[in-house]
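Okay, here's what each chain looks like letter by letter:
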Amino acid sequence: MSPATGLLVLTRPAASIVASLPRVLSAASKQVGRTLYVHLDPLAQTKIPDTTRPLTLYSHIVSSVYARSPSLCRGLEVRVLLAGFKGPVPHPPKTQRPIDVLILEGVTGEARVEVEGRYRGCLTSGGDVVVIEECEGDVETSEGSGGVSLPSPLPTDKVYPSVVVGGTFDRPHAGHLVFLSTALMRCGDKLTCGVADGPLLKKKTLTELIKPIEERMVGVVELVGELDPTIDCRVYAIEEPLGPTRWEPDMDMIVVSEETKRGVEAINKVRKENDLRLLEGHIVPLVEDEIRESSEEEAKVSSSSMRMRLLGTVLQEPLPNPSIPSRPYVIGLTGGSATGKSSVAKRIAKLGAAVIDCDKVGHEAYLPGTACHEALVKAFGVDIVGEDGHINRPALAAKVFGDEKARTSLNEIVWPEIQRLVEKKVSQLASEGVKVVVLDAAVLLEAGWERRCHQVWVCIVKREEAVRRIVERDGKTPEEAERRLDSQMSTTERIERANVVFCTQWSGEYTQKQVERAWATLSARLVEAGSGSEKSVDNAVSGGGDEGGTISPPPKSRV
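Please read all numbers here as calculations on a predicted model, not as lab measurements.

Time to look at unusual backbone geometry. Here the amide bond leading from Arg327 into Pro328 is cis, since omega sits at 0 degrees, within 30 degrees of zero. Structurally, the position occupied by Pro328 is in the loop between α8 (303–308) and β11 (329–335). Positive phi is not limited to glycine here, since Asp275 has a value of about 60 degrees. Within the secondary structure, Asp275 is located in the loop between α7 (262–273) and β10 (280–284). Although it is not a glycine, Ala338 sits at a positive phi angle of roughly 65 degrees. One can find Ala338 in the loop between β11 and α9 (341–351).

Below, the discussion takes up helix α11 (residues 371–380). The complete set of buried residues in α11 reads Cys372, His373, Leu376, Val377 and Phe380. The arc that holds the buried residues of α11, viewed along the axis, is 135 degrees, so those residues lie on one side. Exposed residues on α11 whose side chains face more than 90 degrees from its buried face are Ala371, Glu374 and Lys378. Taken together, the buried residues of α11 touch α10 (358–365), α12 (393–400) and α13 (404–431). With its phi angle positive at about 100 degrees, Gly381 sits one or two positions after the end of α11.

Under the counting rule described, the total for this entry stands at zero disulfides. Cys233 carries a free sulfur, and the closest cysteine sulfur to it, the one in Cys193, is 4.2 Å from it.

Tallying each qualifying case throughout the model produces 37 salt bridges. The residue Arg68 makes a salt bridge to Glu290 at a minimum N-O spacing of 3.1 Å. Linking Arg68 in helix α3 (residues 54–72) with Glu290 in the loop between β10 and α8, this pair joins segments that are 222 residues apart in sequence. Exposure remark for Arg68: the relative accessible area of 28% places this residue in the partly exposed category. In the salt-bridge network here, residues are joined through shared partners; they are Glu465, Arg468, Arg469 and Glu472.

The topology assignment puts Asp440 in strand β13 (residues 436–440). Note on Asp440: relative accessible area 6%, which makes it buried.

Turning to the packing of aromatic side chains, a few remarks are in order. The full count for this structure, using the stated rule, is five aromatic pairs. Ring geometry for Tyr236 versus Trp247: centroids 5.8 Å apart, planes at 80 degrees, classification edge-to-face. You can see Tyr236 sitting in strand β8 (residues 232–238) and its partner Trp247 sitting in the loop between β8 and β9 (253–257), a full 11 residues away along the chain.

This part covers the sheet that holds strand β1 (residues 5–10). If you trace the five strands from one edge of the open sheet to the other, you get β3-β2-β1-β4-β5, paired in parallel fashion. Whereas interior strands pair on both sides, the edge strands pair on one side only; in this sheet they are β3 (77–80) and β5 (123–132). With strand direction ignored, the average angle separating the axes of adjacent strands in the sheet is 20 degrees. The sheet strands contacting helix α1 (residues 17–29) are β1, β2 (35–40), β4 (99–105) and β5, and the helix crosses β1 at an angle near 155 degrees.

Moving on, we come to helix α17 (residues 508–528). In a regular helix each residue adds 1.5 Å, so 21 residues correspond to 30 Å; α17 covers 30 Å between its end C-alpha atoms and thus fits that length. Within α17 the residues assigned to the buried category are Tyr510, Thr511, Gln514, Val515, Ala518, Trp519, Leu522, Ser523 and Leu526.

Bringing the packing of helix α5 (residues 174–185) against helix α6 (residues 213–227) into the picture now. Axis separation between α5 and α6 bottoms out at 11 Å; the angle between their running directions is 60 degrees. With respect to α6, the axis of α5 lies oblique. When you trace α5 past α6, the crossing you get is right-handed. Contacts from Leu177, Leu180, Ser181 and Leu184 of α5 reach α6 at Leu223, Val224 and Leu227. Broken down by class, the residue content of the contact of α5 with α6 amounts to six nonpolar, one polar and no charged.

Criteria and cut-off values
Residues numbered from 1 in each chain as written. Predicted model: local features only at pLDDT ≥ 70, side-chain atom pairs only at ≥ 80, totals over all residues. Heavy atoms only, no water. Helix = DSSP H or I, 4+ residues; strand = E, 2+ residues; numbered from the N terminus. Buried < 20%, exposed > 50% of the residue type's maximum accessible area, 1.4 Å probe, protein only. Arc of directions from axis to C-beta. Contact = heavy atoms within 4.5 Å. Disulfide = S-S within 2.5 Å. Salt bridge = Lys/Arg side-chain N within 4 Å of Asp/Glu carboxyl O. Phe/Tyr/Trp six-rings, centres within 6.5 Å; stacked < 30°, edge-to-face > 60°. Pairing = 2+ DSSP bridges. Axes fitted to C-alpha atoms, helices over the stretch in contact; angles between N-to-C directions. Expected span 1.5 Å × (residues − 1). Parallel < 35°, antiparallel > 145°, perpendicular 65-115°, else oblique. Left-handed = near helix turned anticlockwise from the far one by under 90°. Nonpolar A, V, L, I, M, F, W, Y, C, P; charged D, E, K, R; others polar.

Structure below.
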């Protein structure tokens, strides 16, 4: 197993660092398992061409590290310690996590001894030193930029006392790190961060998966403290675009992305009206997403794409449930109206699970001669029974519509009976050797059936899409669709209780990727839990894809 945290020290001439980054980052990533810190050694600072403005060069290096790290250092947190790029270099540099391995590159002989001596103090007891050997094609000249074109210097490539930035800052990614690092490298004392909330989030993709504002604000402070602990970071929650720039006099420069550069003009217009100092504006180019998984995701590195990649992953680990048998492994699949729950259930069935359609089981509970049928007639009257002796469900629905007490009575009669029938079917499947069962249940959480499940999987779509689907599928008016959604558990409540979330907002192929991702994780979980010689759920689970029955039955042959 690789050490958790490493410190990569860059020693080659600063002007040639970018050319070697693909090789160096790739090699360094093989040495650590969680976090890779990157630091610029003083040796690299001694050979900067006279024609190059240091801040322009350093910004280019930092941005290049973050832009390349998602594809070259997959799964790692990469953090560039800015102390080496601005101001005095602490020895050893301060890091929030202990360093397990020191990684040196492009340094040999006496120079290596000198550099190793400078940084060995940051290693944990028993920590190791690894040297990445130079390649024949590496450029070590102090002239030029090692074949890499540098951006032209900007008027804002200088240090300002007070800098301001704004954004959602949902989950730190390469774009955030470039953005904040660009601001910090130009900040001499105070950094003001506006963190978007409320109305500013309404048009964001998968808003329900955005972290709470308090958590995001703390995250910004911690991230700034990790990158540059010398800066005073002040964070504000903002619900309109201008935030503290509207009233805070002590600001000199604002860092914006290409997408928000027009905001500088709007901000300065308001500041001028309020007799405040106008802000210099520095524009950060968008970072191309080198690990883009689908055309549905954005071409740039973005929080929206990061949230999309959470779909089908485990958002919160399932808690042990000793009240139910470990086999079969029961997944509770739920979601609001028109969220594509049935479509997802069919996809899971094709991968090998047995699916129980709880809505169809509910029809069994209503059959004449059952205790449930008798209880319903007793509670709601004989006029809910049709000429054929079956419950007239529209008549029953009319009796409970708008009457919360009647609805509660109905649920208290029907839900326990459905649960009993479902558990009977689960036991039957277990006796047949089925390993994974999915309960397709719209009211899974409302009825408390998740207590009989090992995990809860939830389907969502944005509200506007759900309304559109209900209108198109069920012939309802938009107002009727809105009322139906308002009567159901909110998406936020469902997500809070979910282990895995799917969104069927996009193409069927993208939904399939989410389902396959969840299935692969479940497969690994069951194997790890001790499924004997079974290699994966694919050959351990017996299941079929019969979309028309109450249960998607497993095939007769078994592995």
